[in-house]
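The lines below spell out each chain.
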Amino acid sequence: MSKVIVCENIIDTSEKLAQDIYESYLKTIQNSNFFTLALSGGNSPKNLFSVLSENKNLDWAKIKIFWVDERCVKPDTEESNYFMTYEYLLKHIEIPDCNIFRIKGEDNAQEEVKRYIESIKDNVPIKNNYPQFDYIVLGMGNDGHTASIFPSNKEDINSDKIALVAMKPENAQLRITLSLKTINNALDVSFLISGKDKSEVLKEVIDNKNKIYPSTFVENKNLKFFIDSKASQLLKLQF
Ligand code: 6PG
């Protein structure tokens, strides 16, 4: 059963999610050396990353940062999820380079996905035959995609791989993405979703569990939806 947390706007929503990540980090580092965190790209996480960068109680030497997905582009371009994360988070914090596990979008996709899988296996504990991230942050596109798993790519939805090469249908852009198997194996998974234009698909995902949308396939015992009031406006919310 997922938990839905509704806040007025993206700022409040981001602060709530940042606090949830912080609490998960505190719990994890009581018993582990590292907190493994996988981040999504797009626009929604920008405020979240700024809030995280301002939390001086986070010891980034104990946090390993991965990406949920990456566009197969150079890391210094606007399209790059790494570039966005650098601008809003990485350049504002003290984090050892060895704790940053960038997906090399500039390299050959089929080769890079193999390398990324190996770097995950070397740095994230394996549980239930898959890497088990401590926390994964997801977004959702207007078409109900999450990570880089798109509605039209049915085989991607069912992939048994740890990560895979995907393609964004609209522009045939190659992506590298964690699989749903890996995402669902995490200890904590949270969506961050804002804006009216997501409200219809979000209703289909949360209320109707419509399996047309890859976001509906995210199933995790600690799944949370951090959403703003505009994105939540069509939901049958039980208070
Ligand atoms: C990406 C993301 C993707 C994103 C959604 C939502 O590479 O684009 O990882 O899954 O989370 O497309 O994007 P917005 O936050 O920009 O709406």
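Shown above is the structure to which this text applies.
From a predicted model like this one, the values you see are computed outputs, not experimental measurements.

What counts and what doesn't
- Residues numbered from 1 in each chain as written.
- Predicted model: local features only at pLDDT ≥ 70, side-chain atom pairs only at ≥ 80, totals over all residues.
- Heavy atoms only, no water.
- Axes fitted to C-alpha atoms, helices over the stretch in contact; angles between N-to-C directions.
- Helix = DSSP H or I, 4+ residues; strand = E, 2+ residues; numbered from the N terminus.
- Parallel < 35°, antiparallel > 145°, perpendicular 65-115°, else oblique.
- Left-handed = near helix turned anticlockwise from the far one by under 90°.
- Contact = heavy atoms within 4.5 Å.
- Nonpolar A, V, L, I, M, F, W, Y, C, P; charged D, E, K, R; others polar.
- Expected span 1.5 Å × (residues − 1).
- Buried < 20%, exposed > 50% of the residue type's maximum accessible area, 1.4 Å probe, protein only.
- Arc of directions from axis to C-beta.
- Phe/Tyr/Trp six-rings, centres within 6.5 Å; stacked < 30°, edge-to-face > 60°.
- Lys NZ or Arg CZ within 6 Å of the ring centre and 35° of its normal.
- Near = heavy atom within 4 Å.
- Polar contact = N/O pair within 3.5 Å; in protein donor to acceptor, adjacent residues only side chain to side chain.
- Areas by Shrake-Rupley, 256 points an atom, 1.4 Å probe, with all protein chains shown as cover.
- 1 Å grid on protein atoms, 1.4 Å probe; cavity = no way out; pocket = protein on both sides within 12 Å on 5 of 7 lines; lining within 4 Å.
- Sits in = over half its atoms within 2 Å of the grid points.
- Core = buried A, V, L, I, M, F, W, Y, C linked by side-chain atoms within 4.5 Å.
- Points joined across faces, edges and corners; volume = space filled by probe spheres on them.

Before going further, it helps to examine the packing of helix α1 (residues 10-31) against helix α2 (residues 45-53). For the pair α1 and α2, the least separation of the axes is 8 Å and the interaxial angle reads 50°. Comparing their axes, α2 and α1 come out oblique. Crossing geometry of α1 relative to α2 is assigned as right-handed. Along its contact with α1, which presents I10, I11, S14, E15, L17, A18 and I21, the element α2 presents N47, L48, V51 and L52. Its residues assigned to classes, the contact of α1 with α2 shows eight nonpolar, two polar and one charged.

On to helix α4 (residues 109-123). Because an α-helix completes one turn every 3.6 residues, residues spaced three or four positions apart along the sequence face the same direction. Here α4 contains 15 residues, and its C-alpha end-to-end distance of 21 Å stays within 8% of the 21 Å for a straight helix at 1.5 Å per residue. Buried within α4 we find A109, E112, V113, Y116, I117, S119 and I120. Buried residues along α4 cover an arc of 165° about the axis, so they all sit on one side. Away from its buried face, by an angle of more than 90 degrees, α4 presents the exposed residues K114 and D122.

Attention shifts here to α2. Along α2, the positions that sit buried rather than exposed are P45, L48, F49, L52 and S53. Projected down its long axis, α2 shows its buried positions confined to an angular sector of 135°, all on one face. For α2, the secondary structure elements touched by its buried residues are α1, β2 (35-39), α3 (81-88), β7 (135-138) and β10 (188-193).

The next point concerns the packing of aromatic side chains. Taken as a whole and assessed by the stated rule, the structure comprises seven aromatic pairs. Aromatic side chains Y22 and Y25 sit 6.1 Å apart centroid to centroid with 20° between the ring planes, which places their arrangement in the stacked category. A residue pair is termed a helical-turn pair when its members lie 3 or 4 positions apart in one helix, as Y22 and Y25 do in helix α1 at three residues. Comparing Y22 with Y25, the two get one shared label, buried. Between F66 and F133, the aromatic rings sit 5.1 Å apart at their centres with planes inclined by 80°, giving edge-to-face as the arrangement. Here F66 is found in strand β3 (residues 63-67), whereas its partner F133 is found in the loop between β6 (130-131) and β7, with 67 residues between them in sequence. Classification of F133 by relative accessible area gives buried; the value is 0%. Here the aromatic cluster, defined as three or more aromatic residues joined through ring pairs, consists of Y22, Y25 and F35. Above the face of the F217 ring, K211 is positioned so that its terminal group lies 4.5 Å from the ring centre.

What follows is about the site of the ligand. Taken together, 15 residues surround the ligand, and among them N43, S44, D69, A147 and K198 come closest. Between the ligand and the protein, one listed contact pairs an oxygen atom with a backbone N or O atom of A147 at 2.6 Å. In the complex, the protein chains occlude 89% of the 410 Å² of accessible area that the ligand would expose alone. Because more than half of its atoms lie within 2 Å of the grid, the ligand is assigned to the second largest pocket.

Moving on, we get to the nonpolar core. Counting residues in each nonpolar core, the largest one holds 69 residues, and the members touching the most others are I136 and L178. Tallying contributions element by element places α1 first for this core, with six residues.

Size it by volume and the largest pocket reaches roughly 540 Å³. Surrounding the largest pocket, 22 residues form its lining, M1, S2, V4, I206 and K209 being those nearest its centre. Of all the secondary-structure elements, those providing two or more residues to the lining of the largest pocket are β1 (3-7), α7 (199-206) and β11 (223-228). Looking at the lining of the largest pocket, the element that brings in the most residues is β1, giving three residues. Of the volumes computed, that of the second largest pocket is approximately 390 Å³.

It is worth stressing that arrangement in space is one thing and function is another; only the former is reported here.
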